[in-house]
Amino acid sequence: MIMGDICTRGCTFCNVATGRPEALDVFEPAKVADAVAKLGLAHVVITSVDRDDLEDGGAGHFARTVELLKFRSPGLKVECLVSDFRGDDSAVATLAASGLDVFAHNVETVRRLQKYVRDPRAAYEQSLSVLRAAKRHAPEGRRLYTKTSIMLGLGETREEVVEAMRDLRAADVDVVTFGQYLRPTERHLAVVEYVTPADFAWYRETAESLGFRYVAAGPMVRSSYKAGEFFMEAMIKEDAARDAAAAGAS
């Protein structure tokens with residue numbers, strides 16, 4: 001997690017501290033790239049708190065981190081789990097052009113429950129627009145995968161979850177994960193229900209039938225659940241090989 005540990009938003013499901021964050025560490029991107037190179041990682045997920053205090057929401061800091069990661073470790077796959085940047089299209093464009101492989105942003109819940117679950121500055125349509133924009137601003141000739149996550153057990157209905165799936169596919173989102181919401185403390189939203197394994201399987205099968213490239217669903221699944229696991233790695237490599245073959249044939 002970059003850009004500190006104090007968030008400018010107060011979502012009712014999240015236990016991250018809120019308040020006024022400290023100034024950015026301008027050397028942080030280089031420190032992260034150095035640490036990842038030393039660890040010899042093949043896939044890394046970079047995330048952050050919301051930084052509404054910054055003009056670009058921290059998109060430039062994310063982009064510098066990705067660029068240095070790729071410079072230090074050219075074969076590294078980089079996923080960024082980001083805020084909605086207040087819906088700022090130019091901020092999304094900055095990160096989308098940085099060379100990252102997976103642009104992740106979570107809608108968190110279904111449309112009806114947004115105002116109860118997320119900070120008022122977040123919005124369902126705003127999140128969808130950010131995910132659409134990431135694909136639109138991907139550099140020509142480079143695939144950028146988009147990913148999101150939905151928490152279950154907050155009182156949503158099956159029909160509402162399927163509606164969210166359809167909205168996400170309309171935004172060309174490639175990957176979706178479903179996990180059980182667990183209450184961090186008594187001050188946070190209560191759990192309405194514990195979703196059964198059979199229901200998780202139904203959500204996974206339904207999402208796959210709607211065309212998502214990859215779906216993970218289960219009680220302990222979270223946003224970056226097995227982010228570098230074989231299936232996603234194979235999907236990225238397969239698409240890269242297909243693109244290279246198409247370029248060679250043209």
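Below you will find a few notes about this structure. Source: prediction; values computed, not measured.

### Overview of the nonpolar core
Thought 1: If you look at the biggest cluster of nonpolar residues, it comprises 28 residues, and the most contacted ones within it are Ile 46, Phe 62, Leu 69, Cys 80, Phe 85, Leu 95 and Phe 103.
Thought 2: Where this core is concerned, the elements lending two or more residues are helix 1 (28-39), strand 1 (43-47), helix 2 (59-72), strand 2 (77-81), helix 3 (89-96) and helix 5 (124-136).
Thought 3: Excluding residues that lie within four positions of it along the chain, Leu 69 makes contacts with Val 32, Ala 33, Val 36, Val 44, Ile 46, Leu 76 and Val 78.
Thought 4: If you look at the next biggest cluster of nonpolar residues, it comprises 27 residues, including Leu 128, Met 165, Val 173 and Phe 178.

### Quick notes on unusual backbone geometry
Thought 1: Positive phi values are uncommon outside glycine, yet Phe 85 reaches one of about 50°.
Thought 2: With respect to the helices, strands and loops of the structure, Phe 85 is situated in the loop between strand 2 and helix 3.
Thought 3: The backbone of Asp 172 sits at a positive phi, close to 65°, despite the residue not being glycine.
Thought 4: With respect to the helices, strands and loops of the structure, Asp 172 is situated in the loop between helix 6 (158-170) and strand 5 (175-180).
Thought 5: Asp 172 gets classed as partly exposed once you look at its relative accessible area, which sits at 37%.

### Re the side chain of Asp 167
Thought 1: With respect to the element layout, Asp 167 can be found in helix 6.
Thought 2: Apart from the residues within four sequence positions on either side, Asp 167 is in contact with Arg 111, Tyr 124 and Leu 128.

### Some details on the sheet that holds strand 2
Thought 1: In spatial order, the strands read 1-2-3-4-5-6; together these six strands make up an open sheet with parallel pairing. The open sheet is flanked by strand 1 and strand 6 (214-217), the only strands paired with a single partner. On average, adjacent strands in this sheet sit at an angle of 20° to one another, irrespective of strand direction.
Thought 2: Note that strand 4 (residues 145-152) and strand 5 share six bridges and pair parallel. Paired with Met 151 across the two strands is Gly 179, which belongs to strand 5.

### Considerations on the packing of aromatic side chains
Thought 1: Within this structure, the stated rule accounts for two aromatic pairs.
Thought 2: Here Phe 178 and Tyr 203 contribute two aromatic rings whose centre-to-centre distance is 5.9 Å and whose plane-to-plane angle is 25°, an arrangement assigned as stacked. Here Tyr 203 lies in helix 7 (residues 197-209) and Phe 178 lies in strand 5, a separation of 25 residues in the sequence. Comparing Phe 178 with Tyr 203, the two get one shared label, buried.
Thought 3: Between Trp 202 and Tyr 203 the ring centres are 5.4 Å apart and the planes differ by 75°, which places this aromatic pair in the edge-to-face class.
Thought 4: Residue Trp 202 is classed as partly exposed on the basis of its relative accessible area, which comes to 29%.

### Describing the packing of helix 5 against helix 6
Thought 1: Look at helix 5 against helix 6: their axes get within 10 Å of each other, and the N-to-C directions meet at 35°. Side by side, helix 5 and helix 6 meet where Tyr 124, Leu 128 and Leu 131 of the first sit next to Glu 163, Ala 164, Asp 167 and Leu 168 of the second.
Thought 2: For the contact of helix 5 with helix 6, the class distribution of residues is five nonpolar, no polar and two charged.

### Quick notes on the pairing of strand 6
Remark: a regular strand shows side chains that alternate across the two faces of the sheet.
Thought 1: Pairing analysis gives four bridges linking strand 5 to strand 6, with the strands arranged parallel. What sits directly across from Phe 178, in strand 6, is Ala 217.
Thought 2: A crossover links strand 5 with its parallel partner strand 6, the connecting element being helix 7, and its sense is right-handed.

### A closer look at the pattern of salt bridges
A side chain of one charge can pair with a side chain of the opposite charge when the charged atoms of the two come close.
Thought 1: Applying the stated criterion across every chain, the model contains 24 salt bridges.
Thought 2: For Arg 72, the salt bridge goes to Asp 34, with nearest N and O atoms at 3.2 Å. Here Asp 34 lies in helix 1 and Arg 72 lies in helix 2, a separation of 38 residues in the sequence.
Thought 3: For Arg 72, a relative accessible area of 40% puts it in the partly exposed group.
Thought 4: We note a salt bridge from Arg 121 to Asp 119, for which the minimum N-O separation is 2.9 Å.
Thought 5: For Arg 121, a relative accessible area of 43% gives the class partly exposed.
Thought 6: On the basis of relative accessibility, which here comes to 7%, the residue Asp 119 falls in the buried class.

### Considerations on the side chain of His 105
Thought 1: By the element assignment, His 105 lies in the loop between strand 3 (102-104) and helix 4 (114-117).
Thought 2: Looking at His 105, the relative accessible area reads 3%, which means it is buried.
Thought 3: Within polar-contact distance, the side chain of His 105 engages the backbone oxygen of Val 82 at 2.9 Å.
Thought 4: For His 105, the side chain forms a polar contact with the side chain of Ser 127, separated by 2.7 Å.
Thought 5: Beyond its immediate sequence surroundings of up to four residues, His 105 is in contact with Leu 81, Val 82, Ser 83, Asp 84, Arg 118, Ser 127, Val 130, Leu 131, Lys 147 and Thr 148.

Analysis parameters
Numbers given to residues run from 1 along each chain, matching the order in which its sequence is written. Only residues with pLDDT of 70 or above have their local features reported here, since the model is predicted, and side-chain atom pairs are shown and tallied only from 80 upward, although totals for entire chains, interfaces and linings are computed over all residues. To get the side-chain values, all heavy atoms of the structure are used, and hydrogens and water are removed first. To define a nonpolar core, start from buried Ala, Val, Leu, Ile, Met, Phe, Trp, Tyr and Cys residues and group those joined through side-chain atoms within 4.5 Å. Relative accessibility decides the category of a residue: with a 1.4 Å probe and only protein chains considered, values under 20% of the type maximum give buried, values over 50% give exposed, and everything between is partly exposed. Secondary structure elements follow DSSP: runs of H or I of four or more residues count as helices, runs of E of two or more count as strands, with numbering from the N terminus. Note on definitions: a residue-residue contact is assigned when non-hydrogen atoms from the two residues lie within 4.5 Å. Pairing between strands requires that DSSP locate at least two bridges from one strand to the other. Note on geometry: axes are C-alpha line fits, over the in-contact stretch for helices, and angles between N-to-C directions span 0 to 180 degrees. Within 6.5 Å between ring centres, the rings of Phe, Tyr and Trp (the latter by its six-membered ring) count as paired, and their orientation is classed by plane angle as stacked under 30 degrees, edge-to-face over 60, tilted in between. Just so you know the grouping, Ala, Val, Leu, Ile, Met, Phe, Trp, Tyr, Cys and Pro go in nonpolar, Asp, Glu, Lys and Arg go in charged, and all remaining residues, Gly too, go in polar. By convention, orient the strands away from the viewer: a clockwise path from the first strand over the helix to the second makes the crossover right-handed. What makes a salt bridge here is a side-chain nitrogen of Lys or Arg within 4 Å of a carboxyl oxygen of Asp or Glu, nothing more. Think of a polar contact as two N or O atoms within 3.5 Å of one another; within protein, one of them needs to be a possible hydrogen donor and the other a possible acceptor, and neighboring residues in sequence only count if both atoms come from side chains.

Taken by themselves, the reported measurements are silent on function.
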